[in-house]
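Survey of secondary and tertiary structure
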Amino acid sequence: MQPTPGALARARPPVRVFLAFAALALAGLAVQRAANGGLTPSGVVGFYLAGGEPLPAAALWEEVHTGAFLYGFVLFMVGALLAAGPAPRWARGPLFAAAVLATLADLFAPFAVVALRGAGALRVATTAVALGTVATLIGTAWASHGRPRRGRG
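Residues numbered from 1 in each chain as written. Predicted model: local features only at pLDDT ≥ 70, side-chain atom pairs only at ≥ 80, totals over all residues. Heavy atoms only, no water.

1. A word on the overall build of the chain
- Scanning the chain for helices and strands turns up 5 helices and 0 strands.
- Mapped from its N terminus to its C terminus, the chain presents α and β elements in the order α-α-α-α-α.
- Buried positions account for 35% of the 153 residues belonging to the chain.
- A sequence separation of at least 24 residues applies to 80% of the contacts in the chain between residues at least 6 apart.
- Summed over all atoms, the accessible surface of the chain reaches about 8,700 Å², with 72% contributed by carbon and sulfur. (Helix = DSSP H or I, 4+ residues; strand = E, 2+ residues; numbered from the N terminus. Buried < 20%, exposed > 50% of the residue type's maximum accessible area, 1.4 Å probe, protein only. Contact = heavy atoms within 4.5 Å. Areas by Shrake-Rupley, 256 points an atom, 1.4 Å probe, with all protein chains shown as cover.)

Written as structure tokens, this is what we have:
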């Protein structure tokens, strides 16, 4: 099935807005992590084990819920854009899988920090890898759908 002439040109502005929103949401998550000391292992341990006492399970699950919403929404939408885009399957499949695995690891890393009474470096690593892979997906989707084409369309 061929797209309606001009359909891609009409779809580009909303796709750009979504991708900009997704990038801002990802940046907001990074800022929130930085504000909570999440960029250093000692900062992570200090946040999740404040005063030697672990955060309650309800607080950990609330963090999972918030991250799952952000990561899930962005992965779902960007994954759909990539599936419909010109990026080669051999590249988009592994990149998407890496982003899903990295975000799952990032979502549940706080439980490891609490269970191990440390492991702050694990949380720093999962944050960096998850944010990096999702940002790469957003960039790939932008390259496929967001930028204006030269000439017609």
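Moving on from the model shown.
2. So, the packing of helix H3 (residues 57-83) against helix H4 (residues 89-116)
- Following both chains from N to C, one finds H3 and H4 inclined at 180°, their axes separated by 11 Å at the closest point. The orientation of H3 with respect to H4, classified from their angle, is roughly antiparallel. On the side of H3, the interface is formed by Leu60, Trp61, Glu63, Val64, Gly67, Ala68, Tyr71, Leu75, Gly79, Leu82 and Ala83, while H4 contributes Arg92, Phe96, Ala99, Val100, Thr103, Asp106, Leu107, Phe108, Pro110, Phe111 and Val114.
- In terms of residue class, the contact of H3 with H4 is made up of 16 nonpolar, 3 polar and 3 charged. (Axes fitted to C-alpha atoms, helices over the stretch in contact; angles between N-to-C directions. Parallel < 35°, antiparallel > 145°, perpendicular 65-115°, else oblique. Nonpolar A, V, L, I, M, F, W, Y, C, P; charged D, E, K, R; others polar.)

3. Points about the pattern of salt bridges
- Inspection of the entire model under this criterion finds 3 salt bridges.
- For the salt bridge of Arg33 with Asp106, the shortest nitrogen-to-oxygen distance reads 2.9 Å. One end of the pair, Arg33, is in helix H1 (residues 7-35); the other, Asp106, is in helix H4, and 73 residues separate them in sequence.
- Exposure remark for Asp106: the relative accessible area of 0% places this residue in the buried category.
- In this structure, Arg123 and Asp106 form a salt bridge, with 3.4 Å as the shortest nitrogen-oxygen distance. Placement of Arg123 in helix H5 (residues 120-146) and of Asp106 in helix H4 is noted, with a sequence separation of 17 residues between them.
- By relative accessible area, Arg123 is classed as buried at 2%.
- Overlapping salt bridges bring together Arg33, Glu63, Asp106 and Arg123 as one network. (Salt bridge = Lys/Arg side-chain N within 4 Å of Asp/Glu carboxyl O.)

4. Section: the side chain of Thr103
- Tracing the chain through its elements places Thr103 in helix H4.
- By relative accessible area, Thr103 is classed as buried at 3%.
- With sequence-adjacent residues up to four places away left out, Thr103 is seen in contact with Tyr71, Leu75, Ala130 and Val134.

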